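For reference, the chains in residue letters:
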Amino acid sequence: MRLGLMAVPVAFFALFFAYPVTAIVGRGLKAEGDWQFGRIGEVLSRPDILDVLCFTTWQALASTALTLLIALPGAYVFARFDFPGKQVLRAVVTVPFVLPTVVVGTAFLALLGRGGLLDELWGVRLDTTVWAILLAHVFFNYAVVVRTVGGLWSQLDPRQEEAARVLGAGRFAAFRRVTLPALAPAVAAAALMVFLFTFTSFGVVQILGGPAYSTLEVEIYRQTAQLLDLPTAAVLTLVQFAAVGGILAVHAATVRRRERALKLVDPAQTSRRPRGVGQWALLGGVLLTALLLILLPLGVLVERSFDGPGGYSFGYYEALQSVGAGGSSTFLVPPLEAVGNSLRYALVATLIALVVGGLAAAALTRRAGRLVRGFDALLMLPLGVSAVTVGFGFLITLDKPPLDLRTSWILVPLAQALVGVPFVVRTMLPVLRAVDDRLREAASVLGASPLRAWREVDLPLVRRAVLVAAGFAFAVSLGEFGATVFIARPDNPTLPVAVARLLGRSGELNYGQAMALSTILMLVCAVSLLLLERIRTDRSGEF
């Protein structure tokens, strides 16, 4: 039964992930049919590549440290304080995490770039500087720390720290000796996730960094798409894969440690109204941080989408309905068609991700053996390989019958589904493992087939988890950019690709249209997130 469930996900990953990636790496490291592993040393010894590796690691470490510094107070506030609008604010701070990186880059370009808010008020520009990249990464990953650390913090019994204070420990000493050791695994897990996301950063660095800054992902794109240097791109892909694989291994070990070490309580028992000037000041500081760090860039993005040459209007939105407005030849179709394209692609990608991820989660429901653990690791591999490599691999491998898909619309949803499957598995797996096996056994005794037992027993219990998984898969599919930029056809662009194309051309009209499309994409993602939040906090369900 388990092997049958694994068949479809294994075939999917083998055909649409392992095959394209292996092919592109093979082309880069093979010459006249022989492997040229010496190229690895040659590429890694180049000064320009060493600079890329150093900057990728440095900016990821700096982004992680800055994110922890800014987000940990927010994690405490969400964990321990009860205040009006808490659920709405939780949803607001989570919006950036589901936004496409292209939108994040565009929002900070409107705030920090030429003609942006800072430029207009004080003549200060931070685009093409490392500070713009770091701030955008904090914006993007703030919710990771708040959700990961705050979720655990809210379940720690505060009476343990209070007991330490009764025994004579000061406030800081009690926190350092009691709470901090309990939180350490969650903080480490959050830090590792932030490091992973920033280490593989692409859209943010490409838009805000300019030619002066390049991460591994950006350099892979440059070597592949612009310089056609496949050997260098292949080596960098292997380096990124190895680095991210190590990060995921450490993250998995951290999560296992956290699950074994802690005894948790109901979060409702630990949350209360702020008391005293200090706690109200802390709440105010977190609210101000959310305003300046999250709402301000998004607000400026929306404002710039209406700010036309003749004043505020819907001019840029109206221009999205025509081809070549203002003399632009950026698109073969009206840019507004990218909205419909993205929605259709994302819906199909979500269906694929639910089928593949759902079967995979069902196969992983029972922990057993190295085979299952290896299968679990396989599902996470798309997070460790350059999406640029996957997209280019699609073009050079899926070009012959019976899989000649280069001109087919299904290519884009397939690439997007690769990113959505891990989210589906991680959302559904804990709930499936919580289902009592005796219910399945009772259904089998009564004559139900495995399929009917799943439909009658598992599905009603995990229905809400399926909806949450679908929401995450839809959001990440909608914002996928690294692979889609290679395979989206000029007459059927997606929203992130359309935004990147507009930003890549000069002119006020192109810039304004990019802001308008980014606003539309932001609103679609925000609505998806708010629906997710409503499902997750519905007290009538099993969550």
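Residues numbered from 1 in each chain as written. Predicted model: local features only at pLDDT ≥ 70, side-chain atom pairs only at ≥ 80, totals over all residues. Heavy atoms only, no water.

Peer 1: Explain the nonpolar core here, please?
Peer 2: Considering soluble globular proteins, one finds that nonpolar side chains tend to be buried as a cluster. Counting residues in hydrophobic clusters, the biggest one holds 152 residues, and the most contacted among them are Phe12, Leu99, Leu208 and Phe394. A total of 15 residues in this core trace back to one element, the largest contributor, which is helix H7 (residues 130-153). Those residues in contact with Phe12, other than ones at most four positions away along the chain, are Phe17, Ile352, Val356, Leu414, Ala417 and Leu418. (Core = buried A, V, L, I, M, F, W, Y, C linked by side-chain atoms within 4.5 Å. Buried < 20%, exposed > 50% of the residue type's maximum accessible area, 1.4 Å probe, protein only. Helix = DSSP H or I, 4+ residues; strand = E, 2+ residues; numbered from the N terminus. Contact = heavy atoms within 4.5 Å.)

Peer 1: What is the right way to look at the pattern of salt bridges in this model?
Peer 2: Side-chain pairs of opposite charge can arise whenever the charged atoms involved come near each other. Enumeration according to the criterion identifies six salt bridges in this entry. Among the salt bridges present, the one from Glu219 reaches Arg222, with a minimum N-O distance of 2.7 Å. With Glu219 and Arg222 both in helix H11 (residues 216-226), this residue pair falls three residues apart, about one helical turn. Residue classification places Glu219 among the buried positions, given a relative accessible area of 3%. Look at Arg222 and you get partly exposed, because its relative accessible area is 31%. Among the salt bridges present, the one from Glu303 reaches Arg304, with a minimum N-O distance of 2.3 Å. (Salt bridge = Lys/Arg side-chain N within 4 Å of Asp/Glu carboxyl O.)

Peer 1: How should a nonpolar patch on the surface be read in this particular structure?
Peer 2: On the surface, Leu288, Leu291, Leu292, Leu295 and Leu296 cluster together into a nonpolar patch covering about 420 Å² of accessible area. Looking at the secondary structure, you find Leu288 in helix H13 (residues 276-306). (Patch = residues over 30% accessible without salt bridge, like charges linked within 9 Å, V, L, I, M, F, W, Y side chains within 5 Å. Areas by Shrake-Rupley, 256 points an atom, 1.4 Å probe, with all protein chains shown as cover.)

Peer 1: Which parts of the structure should I look at to understand the confidence of the model for the chain?
Peer 2: Caution is warranted with low-pLDDT regions, since their predicted coordinates should not be read in detail. Of the residues in the chain, 87% reach a pLDDT of 70 or more, and the chain-wide mean stands at 82. Put simply, helix H16 (residues 369-380) is where the chain has its lowest mean pLDDT, 66, and helix H3 (residues 47-80) is where it has its highest, 94. In the predicted structure, residues 539-543 sits below a pLDDT of 50 and forms twelve contacts with residues beyond four places in sequence or in another chain. (pLDDT = per-residue confidence, 0-100.)

Peer 1: Help me understand a positive patch on the surface, please; the structure alone is not making it clear to me.
Peer 2: On the surface, Arg165, Arg171, Arg272 and Arg275 cluster together into a positively charged patch. Within the fold, Arg272 resides in the loop between helix H12 (230-261) and H13. (Lys, Arg positive; Asp, Glu negative; His and termini not counted. Charge placed at Lys NZ, Arg CZ, Asp CG, Glu CD.)

Peer 1: Can you help me understand the environment of Ile70 in this one?
Peer 2: Within the fold, Ile70 resides in helix H3. A C-alpha to C-alpha distance of 9.5 Å links Ile70 and Val145, two positions 75 residues apart in sequence.

Peer 1: Would you take a moment to explain the layout of surface pockets for this structure?
Peer 2: By rolling a water-sized probe across the atoms, one finds the places where empty space is left. Taken as a whole, the second largest pocket spans an internal volume of roughly 1100 Å³. Together, 38 residues line the second largest pocket, and Leu109, Ile207, Leu503, Gly504 and Arg505 are the ones closest to its centre. For the lining of the second largest pocket, the element with the highest residue contribution is helix H22 (residues 495-503), accounting for five residues. Taken together, the residues of the lining of the second largest pocket break down into 17 nonpolar, eleven polar and ten charged. (1 Å grid on protein atoms, 1.4 Å probe; cavity = no way out; pocket = protein on both sides within 12 Å on 5 of 7 lines; lining within 4 Å. Points joined across faces, edges and corners; volume = space filled by probe spheres on them. Nonpolar A, V, L, I, M, F, W, Y, C, P; charged D, E, K, R; others polar.)

Peer 1: Help me understand the packing of aromatic side chains in this model?
Peer 2: We describe a pair of aromatic rings using the distance from one ring centre to the other and the angle between the two ring planes. Tallying each qualifying case throughout the model produces 18 aromatic pairs. Aromatic side chains Phe306 and Phe314 sit 5.2 Å apart centroid to centroid with 85 degrees between the ring planes, which places their arrangement in the edge-to-face category. Phe306 sits in the partly exposed class, given a relative accessible area of 24%. Its relative accessible area of 53% is what places Phe314 among the exposed residues. Here the aromatic residues Phe12, Phe13, Phe16, Phe17 and Phe394 are joined through ring pairs into a cluster of three or more. (Phe/Tyr/Trp six-rings, centres within 6.5 Å; stacked < 30°, edge-to-face > 60°.)

Peer 1: Sorry if this is basic, but what is going on with empty space enclosed by the protein here?
Peer 2: Inspection of the entire model under this criterion finds three cavities of 30 Å³ or more. There is about 80 Å³ of room inside the largest cavity. For the lining of the largest cavity, the secondary-structure elements that each account for two or more residues are helix H8 (158-166) and helix H9 (171-199). A breakdown of the residues in the lining of the largest cavity according to their chemical character gives four nonpolar, two polar and three charged.

Peer 1: Would you mind going over the packing of helix H15 (residues 337-363) against H22 with me for this structure?
Peer 2: In helix packing, the relevant descriptors are the interaxial angle and the interaxial distance, both defined with respect to the helix axes. Where H15 contacts H22, the axes come no closer than 8 Å and their chain directions differ by 145 degrees. Of H22, the residues touching H15 (which contributes Ala338, Val339 and Ser342) are Leu495, Pro496 and Ala498. Of the residues that constitute the contact of H15 with H22, the class distribution is five nonpolar, one polar and no charged. (Axes fitted to C-alpha atoms, helices over the stretch in contact; angles between N-to-C directions.)

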